[in-house]
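These are the residues of each chain, in order.
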Amino acid sequence: MVQISNSLVGFLNFLTLLISFPIIGAGLWFRLHAATECERFLQLPLLVLGGFLLVVSVLGLIGACCRVSFFMWLYLFVMFLLILAMIVFTIFAFVVTNKGVGEAASGVGFKEYRLSDYSGWLQKRVDNWETWREIDGCLKDAQVCAGFEGLVGLQASQFFAKNLSPLQSGCCKPPTFCGFQYKNATFWTIPTTGLKSTDADCKLWSNDQAKLCYDCGSCKAGVLATLKTKWKAVSIFNIALLVFLIIVYSIGCCALRNNRSKNHGGYYPYAR
């Protein structure tokens, strides 16, 4: 039964090898046919992930099925680094997404979001021009504000009672504290008495549907609020994946021991 660990490692790495091909294919497709900023943003992560799975799978297959201890050592070393990196990433993600919560504005059904409420590390990431250009492209590709066109006929009281998502609240309308006058869901005016705030977001707002508040701090905060919500779901998968990797690593250690036992004459499957 000592070959079970080698067979399991070989089988699992054969599966990950098969998975790596469509991931690499998707990355190459986006590289050749990407029509939007969001699609171009996806190509590098897909190629890196697919290439990593391919290399690790080959190491595991050779190490387990061909009983080459050197490749098994490399495989286990890479797996150890991956497990360590996932632990660090999980802890780091919890720390940086711990801060930040939407503020309930008086008399409205949605929350307002401020960039200053989030961790400094996240603020620097979304404030980076190159990073935000890619995120902004994804938001526009996803048409996060397209639904507002269907709300044009609403009265002010009906609109303010809506339960808007963080992205819609931060990117598709001016911040409530600015004091813009509601005309319809896609058009706001400055009242005769002027705006209530000199905040930069109030100056960045535009009725141009291609601009709106995409460059506002409130929009960046809405992205971070969405990221924080999504992370709660991703963290469950992340922890489950971490447990799975630790189990595979343990089986790999058994396979390495089998390899060494065979190479040093300690394993005789046909001995009587």
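If you're wondering where the values come from, they're calculated on a predicted model, not measured in any experiment.

### A closer look at the overall build of the chain
In terms of regular secondary structure, the chain is built from nine helices and four strands. Compactness check: the chain gives a C-alpha radius of gyration of 26 Å against a globular reference of 19 Å for 272 residues, more than 25% above the reference. Expressed along its principal axes, the backbone C-alpha trace of the chain runs to roughly 100 × 35 × 30 Å. Summarising the internal contacts of the chain: among those between residues at least 6 apart in sequence, 66% fall at separations of at least 24. As presented, the chain carries roughly 15,700 Å² of accessible surface, and 66% of it is formed by carbon and sulfur atoms. On the chain, the mean spot of the 24 positive side-chain charges and the mean spot of the 15 negative ones are 13 Å from each other.

### Topic: the pattern of salt bridges
Inspection of the entire model under this criterion finds four salt bridges. As a salt-bridge pair, K173 and E112 come within 2.7 Å of each other at their nearest N and O atoms. Separated by 61 residues along the polypeptide, K173 in the loop between α7 (166–171) and β3 (181–184) and E112 in strand β2 (residues 111–112) bring together distant segments of the chain. The burial state of K173 is the same as that of E112; both residues are buried. Across the pair E130 and R133 runs a salt bridge whose closest N-O atoms are separated by 3.0 Å. Taken together, the positions of E130 and R133, both in helix α5 (residues 129–142) and three residues apart, correspond to about one turn of that helix. Relative accessible area serves as the criterion here: at 30%, R133 is assigned to the partly exposed category.

### Thoughts on the UniProt feature "transmembrane region" (unreviewed entry) in the chain
Listed under "transmembrane region" (unreviewed entry) in the UniProt record, and renumbered for this structure, are residues 12–32, 44–64, 70–96 and 233–252. In residues 233–252, helix accounts for 100% and strand for 0%; the two terminal C-alpha atoms are 29 Å from one another.

### A few points about the packing of aromatic side chains
Following the criterion strictly, the structure yields 15 aromatic pairs and no others. Centre to centre, the rings of F89 and W231 are 5.6 Å apart; their planes meet at 90°, and the pair counts as edge-to-face. Note that F89 is positioned in helix α3 (residues 69–96) and W231 in helix α9 (residues 217–263), a separation of 142 residues in sequence. With relative accessibility at 44%, the residue F89 sits in the partly exposed group. Judged by relative accessible area, which is 9%, W231 ranks as buried. On the numbers, 6.5 Å between centres and 65° between planes, the contact of F110 with F159 is edge-to-face. Of the two residues, F110 sits in the loop between β1 (103–104) and β2 while F159 sits in helix α6 (residues 156–160), which places them 49 residues apart along the sequence. Under the relative-accessibility criterion, F110 is labelled buried at 2%. Grouping aromatic residues by their ring pairs yields a cluster made of F110, F148, F159, F160, Y182 and W188. Sitting above the plane of the F177 ring, R114 keeps its charged end 4.2 Å from the centroid.

### Section: empty space enclosed by the protein
Under the counting rule described, the total for this entry stands at one cavity of 30 Å³ or more. Estimates place the volume of the largest cavity at around 50 Å³. Looking at the largest cavity, the residues that line it are E112, Y113, R114, S169, G170, P175, F177 and S218. When grouped by side-chain class, the residues that make up the lining of the largest cavity number three nonpolar, three polar and two charged.

Conventions and cut-offs
- Residues numbered from 1 in each chain as written.
- Predicted model: local features only at pLDDT ≥ 70, side-chain atom pairs only at ≥ 80, totals over all residues.
- Heavy atoms only, no water.
- Helix = DSSP H or I, 4+ residues; strand = E, 2+ residues; numbered from the N terminus.
- Rg over C-alpha atoms; globule rule 2.2 N^0.38 Å.
- Contact = heavy atoms within 4.5 Å.
- Areas by Shrake-Rupley, 256 points an atom, 1.4 Å probe, with all protein chains shown as cover.
- Lys, Arg positive; Asp, Glu negative; His and termini not counted.
- Charge placed at Lys NZ, Arg CZ, Asp CG, Glu CD.
- Salt bridge = Lys/Arg side-chain N within 4 Å of Asp/Glu carboxyl O.
- Buried < 20%, exposed > 50% of the residue type's maximum accessible area, 1.4 Å probe, protein only.
- UniProt positions renumbered as here; feature names shortened; annotations may be inferred.
- Phe/Tyr/Trp six-rings, centres within 6.5 Å; stacked < 30°, edge-to-face > 60°.
- Lys NZ or Arg CZ within 6 Å of the ring centre and 35° of its normal.
- 1 Å grid on protein atoms, 1.4 Å probe; cavity = no way out; pocket = protein on both sides within 12 Å on 5 of 7 lines; lining within 4 Å.
- Points joined across faces, edges and corners; volume = space filled by probe spheres on them.
- Nonpolar A, V, L, I, M, F, W, Y, C, P; charged D, E, K, R; others polar.

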